[in-house]
Amino acid sequence: MSTKQESLQHIAVIMDGNGRWAQKRGLPRAAGHRKGAETVKEIAKAANERGVRFLTLYAFSTENWQRPKDEVKTLMDLLRQYLKSDLAELHKHGIRIRFIGERYMLDKDIVESMEQLERNTADNKGMTLILAISYGGRQEIVAATKRVAEMVKKGDVAEDDIDAKLLSQLLYTKDIPDPDILIRTSGEQRISNYLLWQLAYAELFFSKTLWPDFTPEELDTIIENFYSRERRYGKV
Ligand code: FPP
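Note that the coordinates shown come from a computational prediction; the quantities given were computed from them, not determined experimentally.

The rules behind these values
- Each chain carries its own residue numbering, running from 1 in the written order of its sequence.
- Local features are withheld for residues below a pLDDT of 70 in this predicted model, meaning they are given only at 70 or higher, and side-chain atom pairs are given and counted only at 80 or more; totals for whole chains, interfaces and linings count all residues.
- Side-chain measures here rest on the full set of heavy atoms in the structure, leaving out hydrogens and waters.
- Think of a salt bridge as a Lys or Arg side-chain nitrogen and an Asp or Glu carboxyl oxygen that are within 4 Å of each other.
- A run of H or I in DSSP becomes a helix once it reaches four residues, and a run of E becomes a strand once it reaches two; helices and strands are each numbered from the N terminus.
- A simple rule labels every residue: compare its accessible area, found with a 1.4 Å probe on the protein chains alone, to the largest value its type can have, and call it buried under 20%, exposed over 50%, or partly exposed in between.
- If even one non-hydrogen atom of a residue comes within 4 Å of a molecule or strand, that residue is called near it.
- Residues adjacent in sequence count toward polar contacts only when both atoms are side-chain atoms; beyond that, a polar contact is any pair of N or O atoms within 3.5 Å, and within protein one must be able to donate a hydrogen and the other to accept it.
- The Shrake-Rupley method, run with a 1.4 Å probe sphere, supplies the accessible areas, and residue values consider only the shown protein chains as cover.
- Any residue outside Ala, Val, Leu, Ile, Met, Phe, Trp, Tyr, Cys, Pro, Asp, Glu, Lys and Arg is labelled polar, Gly included; the first ten of those are nonpolar and the last four are charged.
- The rule for pairing is simple: two strands pair if DSSP sees at least two bridges between them.
- Axes, fitted as lines to C-alpha atoms, cover a helix only where it is in contact. Angles between the N-to-C directions of the axes lie from 0 to 180 degrees.
- Angles are sorted into four bins: roughly parallel if under 35 degrees, roughly antiparallel if over 145, roughly perpendicular if 65 to 115, and oblique for all others.
- A crossing counts as left-handed when the near helix is turned anticlockwise from the far one by less than a right angle, and as right-handed when that turn is clockwise.
- The contact rule is simple, with two residues in contact once any of their heavy atoms fall within 4.5 Å.

Draft legend 1. Looking closely at the pattern of salt bridges. The tally for this structure, following the rule as stated, stands at 19 salt bridges. Across the pair R20 and E188 runs a salt bridge, and its minimum N-O distance is 3.4 Å. With R20 in helix α2 (residues 18–24) and E188 in the loop between β5 (181–184) and β6 (203–206), the pair connects residues that are 168 residues apart, well separated along the chain. Taking the relative accessible area as the measure of exposure, R20 reaches 31% and is therefore partly exposed.

And the structure:
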């Protein structure tokens, strides 16, 4: 394997456009989320087959709690169902499943299913699929900062020893390499509080495709394009 190929380990995605996909068809937004959930499965399998090591998908942001109650319920019910059936199917493909985000905000049965899936798939040897649920990048950084403050207060860490490595170790993603690629679908060009710390050197790809229509072929095009870009990490 060439060095360039080894350099692609982690793809992060903001799955946007479910609502517009449904609207265009005169369907309720829930139909867009359901189709979007099918795309999750298809893209996870495709990324795994292509040797991607980590795929992180933004399924529900801390801001999404402010959507109308009905829609939050739809998304949570979909997640419930997904945790029980669809993700179990990914387990058969050797995919490890993990979750990042504020679990205390979620219903207890959902958290239990999440923990069970993490345990059941922990020894799988394929790609790690990370679902960001009730996740916010700023909240993650604030929580890490509070922990640093506690460590300093207790005398476990000296102020001079606070560095990026220490902060990285206090994030949900402490044992996961930073994303090499960020994809956002649906034509929006924003980061929306996603993996703010971890995306520092990611290559950004904005696709006009609505998430439910996103295909493995488009993923391939993005991966090819990634290999043609030169990453300098601020150096010349
Ligand atoms: C953005 O589309 C998408 C979301 C807020 C949720 C993403 C959820 C899924 C893909 C399905 C659920 C996933 C799992 C793993 C169960 P939007 O609703 O903001 O679309 P819009 O901008 O067109 O309204």
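Draft legend 2. Fine view of the site of the ligand. Neighbouring residues of the ligand: 17 residues in total, closest M15, G19, R20, R29 and R67. A distance of 2.9 Å is found between an oxygen atom of the ligand and a side-chain nitrogen or oxygen belonging to R29. The contact in question runs from an oxygen atom of the ligand to an N or O atom on the side chain of R67, over 2.8 Å. For the ligand, whose accessible area on its own is 620 Å², the fraction buried by protein is 91%. Secondary structure elements with two or more residues in the shell around the ligand: α2, α3 (29–49) and α4 (69–84). The leading source of residues in the shell around the ligand is α3, at four residues. In terms of residue class, the shell around the ligand is made up of seven nonpolar, six polar and four charged.

Draft legend 3. Quick look at the sheet that holds strand β1 (residues 10–14). Strands sit in the order β3-β4-β2-β1-β5-β6 across an open sheet of six strands; the sheet is parallel. Edge positions in the sheet fall to β3 (96–100) and β6, since each of these pairs with one other strand and no more. Ignoring strand direction, the axes of neighbouring strands in this sheet form an average angle of 20°. Two elements, β1 and strand β2 (residues 54–61), share five bridges in a ladder whose sense is parallel. Residue I11 lies in a different strand from β2, and its bridge partner there is L55.

Draft legend 4. Quick look at the pairing of β6. Residues E203 and F205 line the buried face of β6, whereas the alternating positions L204 and F206 sit on a face that is not buried. Bridging between β5 and β6 involves four bridges; their strand directions are parallel. If you follow I183 over to β6, its bridge partner there is F205.

Draft legend 5. Spatial organisation of the packing of α4 against helix α6 (residues 108–121). Where α4 meets α6, the closest approach of the two axes is 10 Å, and the angle between their N-to-C directions is 30°. By the angle between their directions, the pair α4 and α6 is classed as roughly parallel. With respect to the hand of their crossing, α4 and α6 are arranged in left-handed fashion. Across the interface between the two elements, M76, L79, R80, L83 and K84 of α4 pack against D109, I110, S113, M114 and L117 of α6. Of the residues that constitute the contact of α4 with α6, the class distribution is six nonpolar, one polar and three charged.

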